[in-house]
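# What the coordinates show
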Amino acid sequence: TIVRCLTPSHKVGGSNPNMSHPYEMYSFMHWINSSMATSFLCSLQEELDIRPKVSSFLSRLVNYTNITQGAREHEEEESANVSRKKAPKAPNMGTLMGVYLPCLQNIFGVILFLRLTWIVGTAGIAQSLIIVFMCCSCTMLTAISMSAIATNGVVPAGGAYFMISRSLGPEFGGAVGLCFYLGTTFAAAMYILGAIEIFLKYLLPQAAIFHASGPHGGDSAMLNNMRVYGTLCLSLMALVVFVGVKYVNKLASLFLACVIISIFSIYAGAIKSITHPPEFTVCMLGNRTLERDLFDVCSKTVVVGNETVPSQLWRSFCPEGNVSSAQCDDYFSQNNLTEIPAIPGLASGIISDNMWGDYMQKNDVMEKAGLSSVDAKGPAESIGMYVTADIATSFTLLVGIFFPSATGIMAGSNRSGDLRDAQKSIPVGTILAITTTSLVYFSSVVLFGACIEGVVLRDKFGDAVNKNLVVGTLSWPSPWVIVIGSFFSTVGAGLQSLTGAPRLLQAIAKDNIIPFLRVFGHGKANGEPTWALLLTGVIAELGILIASLDMVAPILSMFFLMCYLFVNLACAVQTLLRTPNWRPRFKYYHWALSFLGMIMCVALMFISSWYYAIVAMGIAGLIYKYIEYQGAEKEWGDGIRGLSLSAARYALLRLEVGPPHTKNWRPQLLVLLKMDEDLHVKYPRLLTFASQLKAGKGLTIVGSVIQGNFLESYGETQASEQAIKNMMEIERVKGFCQVVVASKVRDGIAHLIQSCGLGGMKHNTVVMGWPYGWRQSEDPRAWKTFINTVRCTTAAHLALMVPKNVSFYPSNHERFSDGNIDVWWIVHDGGMLMLLPFLLKQHKVWRKCNMRIFTVAQMDDNSIQMKKDLATFLYQLRIEAEVEVVEMHDSDISAYTYERTLMMEQRSQMLRQMRLSSAERDREVSSGRSFTFYMVLGDIAQLVKDRHSLVRMGSLYSDEEEEVLESPTEKVHMTWTKEKCEAERRNHTNAPENFRELISLKPDQSNVRRMHTAVKLNEVIVNRSHDARLVLLNMPGPPRDTGGDENYMEFLEVLTEGLERVLLVRGGGREVITIYS
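Numbering of residues begins from 1 in every chain and follows the order in which that chain's sequence is written. With the structure being a predicted model, the display of local features is reserved for residues of pLDDT at least 70 and the display and counting of side-chain atom pairs for 80 or more, all residues being used for whole-chain, interface and lining totals. Side-chain figures throughout are based on the complete set of non-hydrogen atoms in the structure, without hydrogens or water.

- If you check an unreviewed UniProt entry, the protein appears there as Solute carrier family 12 member 4 from Gadus morhua.
- Quoted verbatim from the Subcellular location (unreviewed entry) heading of the UniProt record, the comment on the protein is "Cell membrane".
- UniProt positions are given in the numbering used here, feature names are shortened, and annotations may be inferred rather than shown by experiment. Word for word, the UniProt comment on the protein under Catalytic activity (unreviewed entry) is "K(+)(in) + chloride(in) = K(+)(out) + chloride(out)".

Here is the structure:
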């Protein structure tokens, strides 16, 4: 839209504002009406160049909810490439078809048909109801949290992964997304194992490849059969999914119909059992249950013709001889055979017997408590005739096995793009589905306990009822309804899992948060995740090789519980933070419900299997740390960032604004860096030293100053910040970066010292570099800025550290295998000199260095007592160090000291004479008078160069502050006269006389004394610490009179001459170390 802004010159009727003609007045009013609509847009013309109008913005939002379900993110859906494709079909699925029925299909599964009767018989009705209540409550609370998240915006592909990652960040999202993926993959393995169990146990037992070789070989043979047929079934299903998902979707309604018909047949059979219970009987020997398929008649003898002969059951317990002479099993001989109904019926009162549990150990025989029995021990060979427990059971095991039957609640949120009104359908459909399935589970527990005999309920594979599916014996009109229906429902559920898991992995891979998963984001031309399907098949095969439904179920329970845990966490975090974007349409949620759901998820994880829970959490933790360390950075506006901000605000408000207690004091650093012309860090070893001193603890702020105007230097500021952050990452400095722009560098440094930090998190120590080459430079700004910073830190009561010769400091990759860290404790500065070596030795670079502390004794000091007191003090400080007391006697001032002082003052006087005004210098240059002047200055400058100085590396702040010197003036061409030539000769003759006064200058006595102290102390330090790895010195304060600043720099140079690595330390005026605990 182009808005043409009219100026006052665009008046209708010309430039004359006095329009008397009616037509002109009408035209003017028409122009007013037509331009009023766009007049306010004229004032926003610049905004319209970069921002859309509201009308165009709303038109783009019309199809926002029309995102099709797939692996492509909603950001990509709005891209130009996608917009050119065919527009997706409008979503038209309602709550019933889009959410309710898919959730029913995913929740109902193999556990209901194959294991719920066994759970009821083992745990009893009461504890089974507790198990169902725990699992269903957990999923209901999770569904409430999920509904709040799902109605807070559109949920594209990935379902739970998308919700968690966008709510808790990429680290949590990737970790839980992979857990959800693994859970879905193992669910496919569980469904396949359930289908194969139905096939080999109840549909076609003759298809078994492996057979039992002995009385105890049946279990291993069955496991091998499950592995072979499971692998074949998995391969076939993966091929179907690879060929076309549309076939799976078309069969989904058939599989759902099988589930619903099977459930209705159970209720019909329970109602029919009131009057006509099914005719299934159980053969009992005493109170023990016999396997019905191993014999024909439940009797010890049978009548053939007129003769009584041993039955098949007799021959099983009495292998030799006839009825009278056989040596039989003692238990068989002393107990009678009875037949009891397997399905007594709803009106039989069996519910009282099944109310309480009967947990068993492996190979325990199924016994009925109400039947009389004579206890006798039979041979081990007879154990194969009884129905025995195949695994040891416990309440926790049953919880882990049942929980997968409560999962599948994410089916609705996964289809949000296909729903007509996802904000309404997802909460209603999901909660209704969980309510329906919970009622089915509760009623099924009661019906199974009220209709079926207890020993039959505990018989997992129906051996007591002639190898029939236990739940099938209750169904009407035929057990085959349940068998066939459950088989197809498990196959359909397996296909659905194999379809969903690769797409979930593809969504995670396309987010590019886990680098090694990128390959699984690719697939066929139509977007089908081929590589992800291959990996899913491999992982599912691992579950198939376990071959036990009871072993696989707790594994996937862990992964689903991990996912539900973080869904609840996401809702709780968003609710408590009250972020502006948290506006879910579903209003019936509360943070307390989400926390209760979290607690239940954790409890169920450890109740089911504590070691599986630890493994699942370990996997999630490893993935989290991997994404945090290696993965791509994503900013999704997640709640964890908001939680971090809230926690930081809370901690800062609680943190005392005043200084911390001495026991908690540690150097919180403000590192002042210099940037070169290319905006690179000039001395990166300052950061290296900071990282070695901090070792990742406490606060580190890295600051720098750019000279100029902020409006013009904003780009340089951003580039400098990025360069500093990169260098901090290289040197492993954990902290913050702050770059300020100021007209003068000294002002910028003062601003950093005053304003860095927040609340109680402020720096207490400043680290800055030494101004190298300050003596060679005619520009005094370098050392003036340095001294001004020292004064600022003193005024702010901050500690100061100045690493001298910092380029010689070790890198983080170096190791000192020996050597000393020498501390020269001249003045007590609060304990900084004691604390710093201790902190440095925590780092691997300095760990093997020994610490030595030197102190200076004068003539009137007792050096022996000083050494004892210092050793006692260090012992109380718990610091291991060698103690030495150095005696310094008064001596005469040497000629060298006098010479150094004289050279220092001559240099100062010379530089003061050199600092001419710009106008005078121009006149000198233009007239030629300055030639002799600068020749003499050059000789003296050469004279006063320090003969002991190290390699100079340029000034720390050589281009700083003050007014920038004006550029040299252009050459002035003059016409010389005879008088001017005579005047120039007289000036040349008088110039050396000025410097004779400079050379005859006598030094100030106070400067001589200071120089004498510095020289003598330097001699002692170099003598004792010339080979030390690091020397720590008290840093003298600058003079109160600014006129002696240059002399102060000279004193520091003399004090540190001949030392390779020196750390000048100045305390902040408070105690930083204590002997008390």
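### Observations concerning the sheet that holds strand E1 (residues 281-285)
- Read from one edge of the open sheet, three strands run E2-E1-E5, paired in antiparallel fashion. Strand pairing shows two members of the sheet lacking a second neighbour, strand E2 (288-289) and strand E5 (337-341), which therefore form its edges.
- For two strands to be treated as a pair, DSSP must find no fewer than two bridges joining them. Under the scheme used here, helices are H or I runs from DSSP no shorter than 4 residues and strands are E runs no shorter than 2 residues, and both carry numbers assigned from the N terminus. The pairing of E1 with E5 spans five bridges and is antiparallel. For Cys 283, the partnering residue across the bridge sits in E5 and is Glu 339.

### Description of the packing of aromatic side chains
- Note on aromatic contacts: the rings of Phe and Tyr and the six-membered ring of Trp form a pair at centre separations within 6.5 Å, being stacked when their planes are under 30 degrees apart, edge-to-face when over 60 apart, and tilted otherwise. A full pass over the atoms with the stated rule returns 27 aromatic pairs.
- Seen in terms of ring centroids, Phe 487 and Phe 488 are 5.7 Å apart; in terms of plane orientation they differ by 75°. Their pairing is edge-to-face.
- With a centroid separation of 5.9 Å and an interplanar angle of 70°, the aromatic rings of Phe 586 and Tyr 588 are classed as edge-to-face.
- Relative accessible area decides the class of each residue, using a 1.4 Å probe on protein chains only: under 20% of the type maximum gives buried, over 50% gives exposed, and in between gives partly exposed. Residue class for Tyr 588 comes out exposed when judged on its relative accessible area of 68%.
- In this structure an aromatic cluster arises from ring pairing among Trp 314, Phe 317, Tyr 331, Phe 332 and Tyr 386.
- A ring is considered to have a charge above it if a Lys NZ or an Arg CZ atom is located within 6 Å of its centre and within 35 degrees of its normal. The lysine or arginine in question, Arg 288, covers the ring of Tyr 331, its NZ or CZ lying 3.8 Å from the ring centre.
- The ring of Trp 118 has Lys 460 lying over it, and the distance from NZ or CZ to the ring centre is 4.2 Å.

### Focus on the pairing of strand E12 (residues 850-857)
- Of all eight residues that make up E12, seven are buried, and the element is covered over most of its length.
- Judged from the six bridges that link them, strand E11 (residues 820-825) and E12 form a sheet pairing that is parallel. From the neighbouring strand, Trp 825 faces E12, where its bridge partner is Thr 855.
- In the classification by handedness, the crossover that spans E11, the intervening helix H30 (residues 832-840) and the parallel E12 is right-handed.
- Sheet topology note: the E12/strand E13 (residues 882-887) ladder contains six bridges and is parallel. Here is how to tell: hold the view so the strands point away, follow the path from the first strand over the helix to the second, and if it runs clockwise the crossover is right-handed.

### Observations regarding the pattern of salt bridges
- For salt bridges, the criterion is a side-chain nitrogen of Lys or Arg within 4 Å of an Asp or Glu carboxyl oxygen. Summed over the entire model, instances satisfying the criterion amount to 15 salt bridges.
- One salt bridge in this structure joins Asp 358 and Arg 458, with 3.5 Å as the shortest N-O distance. Here Asp 358 is found in the loop between E5 and helix H15 (395-402), whereas its partner Arg 458 is found in the loop between helix H18 (454-457) and helix H19 (470-474), with 100 residues between them in sequence.
- With a relative accessible area of 30%, Asp 358 lands in the partly exposed category.
- Classification of Arg 458 as buried rests on a relative accessible area of 10%.
- Here Asp 818 and Arg 1029 are joined by a salt bridge, their closest N and O atoms 3.0 Å apart.

### What to know about H15
- When you tally the buried positions in H15, you get six out of eight residues, the bulk of the element.
- Inspection of H15 places Leu 397, Leu 398, Val 399, Gly 400, Ile 401 and Phe 402 among the buried residues, and these make up the whole buried set.
- Contacts are residue-level and defined by heavy atoms, with any inter-residue pair within 4.5 Å sufficient. On its buried side, H15 packs onto helix H7 (110-114), helix H8 (116-150), helix H17 (422-451), helix H22 (549-577) and helix H23 (591-608).

### Some points on the packing of H8 against H22
- Simply put, an axis is a line fit to the C-alpha atoms, just over the touching stretch for a helix, and the angle between two N-to-C directions goes from 0 to 180 degrees. Relative to each other, H8 and H22 sit at 35°, their axes nearing to 8 Å. Considering only the axes of H8 and H22, their crossing is left-handed. In this structure, H8 uses Trp 118, Cys 138, Thr 139, Leu 141, Thr 142, Ser 145, Met 146, Ala 148 and Ile 149 to contact H22, whose residues at the interface are Asp 550, Leu 561, Tyr 564, Val 567, Asn 568, Ala 570 and Cys 571.
- The residue classification treats Ala, Val, Leu, Ile, Met, Phe, Trp, Tyr, Cys and Pro as nonpolar and Asp, Glu, Lys and Arg as charged. All others, Gly included, are polar. The residue inventory of the contact of H8 with H22, partitioned by class, reads 11 nonpolar, four polar and one charged. Note on convention: near helix rotated counterclockwise from far helix by under a right angle means a left-handed crossing. Clockwise means right-handed.

### Structural notes on the environment of Pro 584
- Mapping Pro 584 onto the fold places it in the loop between H22 and H23.
- With relative accessibility at 1%, the residue Pro 584 sits in the buried group.
- Sequence separation of Pro 584 and Gln 423 is 161 residues, and the distance between their C-alpha atoms is 8.5 Å.
- If near-sequence neighbours (up to four positions away) are discounted, Pro 584 is found in contact with Ala 148, Thr 151, Asn 152 and Tyr 589.

### Looking at the state of the cysteines
- Any two cysteine sulfur atoms lying within 2.5 Å of each other are counted as a disulfide. As enumerated under the stated definition, the model contains one disulfide in all.
- Disulfide partner of Cys 283: Cys 298, at an S-S distance of 1.9 Å. Handedness here is read from the sign of the S-S torsion; for Cys 283 and Cys 298, about 75°, the answer is right-handed. Separated by 15 residues along the polypeptide, Cys 283 in strand E1 and Cys 298 in the loop between E2 and strand E3 (301-304) bring together distant segments of the chain. For the residue pair Cys 283 and Cys 298, the accessibility class agrees, reading buried in each case.
- The thiol sulfur of Cys 136 is not disulfide-bonded, and the nearest other cysteine sulfur, from Cys 135, lies at 6.7 Å.
- The thiol of Cys 601 is unpaired, and the distance to the nearest cysteine sulfur, on Cys 138, comes to 3.4 Å.
- Judged by relative accessible area, Cys 601 falls into the buried class, the value being 0%.

### Describing the sheet that holds strand E8 (residues 736-742)
- Reading across the sheet, the 10 strands line up as E8-E7-E6-E9-E10-E15-E14-E11-E12-E13 and stay open at both edges, with mixed pairing between neighbours. Either end of the sheet is taken by a strand with one partner, and the two such strands are E8 and E13. Pairs of neighbouring strands in the sheet enclose a mean axial angle of 20°, with direction left out of account.
- As defined by bridge partners, strand E7 (residues 700-707) adjoins E8 across seven bridges and the pair is classed as parallel. Each residue of the ladder has a partner; that of Gln 707, found in E8, is Ala 742.
- The sheet strands contacting helix H26 (residues 685-694) are strand E6 (669-673), E7, strand E9 (765-767), strand E10 (799-804) and strand E15 (1062-1066), and the helix crosses E6 at an angle near 170°.

### Section: the side chain of Gln 668
- The topology assignment puts Gln 668 in the loop between helix H25 (639-654) and E6.
- Leave out the neighbours within four places in its chain, and Gln 668 touches Lys 694, Gly 698, Leu 699, Lys 762, His 763, Asn 764 and Thr 765.

### Side note on a positive patch on the surface
- Together, Arg 732, Arg 815, Lys 844 and Arg 847 give the surface a local cluster of positive charge.
- Inspection of the secondary structure puts Arg 732 in the loop between helix H27 (710-730) and E8. Distance thresholds for patches are 9 Å for like charges and 5 Å for nonpolar side chains (Val, Leu, Ile, Met, Phe, Trp, Tyr), applied to residues having over 30% relative accessible area and no salt bridge. For accessible areas, the Shrake-Rupley method is used with a probe of radius 1.4 Å. Any residue's cover is judged against the shown protein chains and nothing else. Counting rule applied: Lys, Arg positive; Asp, Glu negative; His and chain ends not counted. Note that the charge is assigned to NZ on lysines, CZ on arginines, CG on aspartates and CD on glutamates.

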